[in-house]
Amino acid sequence: MDYLNSSSPNYYKLKQRKLDRDEKRAEETYRKNKSQISIPEICDLDRKVNSLCMVVEALSELLEEHGISKELIERKVEEIDLRDGVLDGQNIPISSCRKCKRKTKSQRPICMYCGGKVIAT
Ligand SMILES: [Zn+2]
């Protein structure tokens, strides 16, 4: 994960520039792929991800200050990652589409391939 150093005097300026770049990239991707996700939705997700990264960074620093090593945190992340049976950086249960039968880890209630209803398996 790409962390900016929060002690840097240009931290917030650099972070805003990164957000602007990410927003521009999301717009380009949207235009190219005619995504079903709108630009405001992508920007909202981007803000949420950035906010979560900040929370994770804070928790990680606090844990380290209290003697819990990064290695121990990484082992715990791996343990949680494997709870869905796959070491892939996610812990999302697999669902399948009633209509086309495709399996997905998406949490959307509608299949992105055919528009059918997705149910937990
Ligand atoms: Zn489907």
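Conventions we followed
- Residues numbered from 1 in each chain as written.
- Predicted model: local features only at pLDDT ≥ 70, side-chain atom pairs only at ≥ 80, totals over all residues.
- Helix = DSSP H or I, 4+ residues; strand = E, 2+ residues; numbered from the N terminus.
- Buried ≥ 20, exposed ≤ 12 C-beta atoms within 10 Å, placed from the backbone.
- Contact = placed C-beta atoms within 7 Å.
- pLDDT = per-residue confidence, 0-100.
- Expected span 1.5 Å × (residues − 1).
- Pairing = 2+ DSSP bridges.

### Concerning the overall build of the protein
The number of helices and strands found in the protein is three helices and three strands. Element order for the protein, N to C, with α for helix and β for strand: α-α-α-β-β-β. By the burial criterion, 3% of the 121 residues in the protein qualify as buried. Considering only contacts in the protein between residues 6 or more positions apart, those separated by 24 or more positions represent 14%.

### Considering the confidence of the model for the protein
Within the protein, residue pLDDT values average 82, and 80% of them lie at 70 or more. The secondary structure element of the protein with the lowest average pLDDT is helix α1 (residues 11-33), at 69, and the one with the highest is helix α2 (residues 39-65), at 93.

### With respect to the environment of S106
With respect to the helices, strands and loops of the structure, S106 is situated in the loop between β2 (103-104) and β3 (118-120). Residue classification places S106 among the partly exposed residues on the basis of 14 C-beta atoms within 10 Å. Distance from S106 to I92, taken between C-alpha atoms, is 7.7 Å for residues 14 residues apart in sequence.

### What to know about α2
Helix length check: α2, at 27 residues, gives a terminal C-alpha distance of 39 Å against a target of 39 Å (1.5 Å per residue), a fit within 8%. Looking one or two places after α2, you find G67, whose phi comes out positive at around 85°.

### Thoughts on the sheet that holds β3
With antiparallel pairing, the three strands of this open sheet are ordered in space as β2-β1-β3. Each end of this open sheet is capped by a strand with a single partner; those strands are β2 and β3. Of the strand pairs in this sheet, strand β1 (residues 95-97) and β2 are connected by two bridges, and their pairing is antiparallel. Among the inter-strand pairings, S95 is bridged to a residue of β2, identified as T104.

### Topic: unusual backbone geometry
A positive phi angle, close to 70°, is found at K101, a residue other than glycine. With respect to the element layout, K101 can be found in the loop between β1 and β2. A count of 10 C-beta atoms within 10 Å places K101 in the exposed class.

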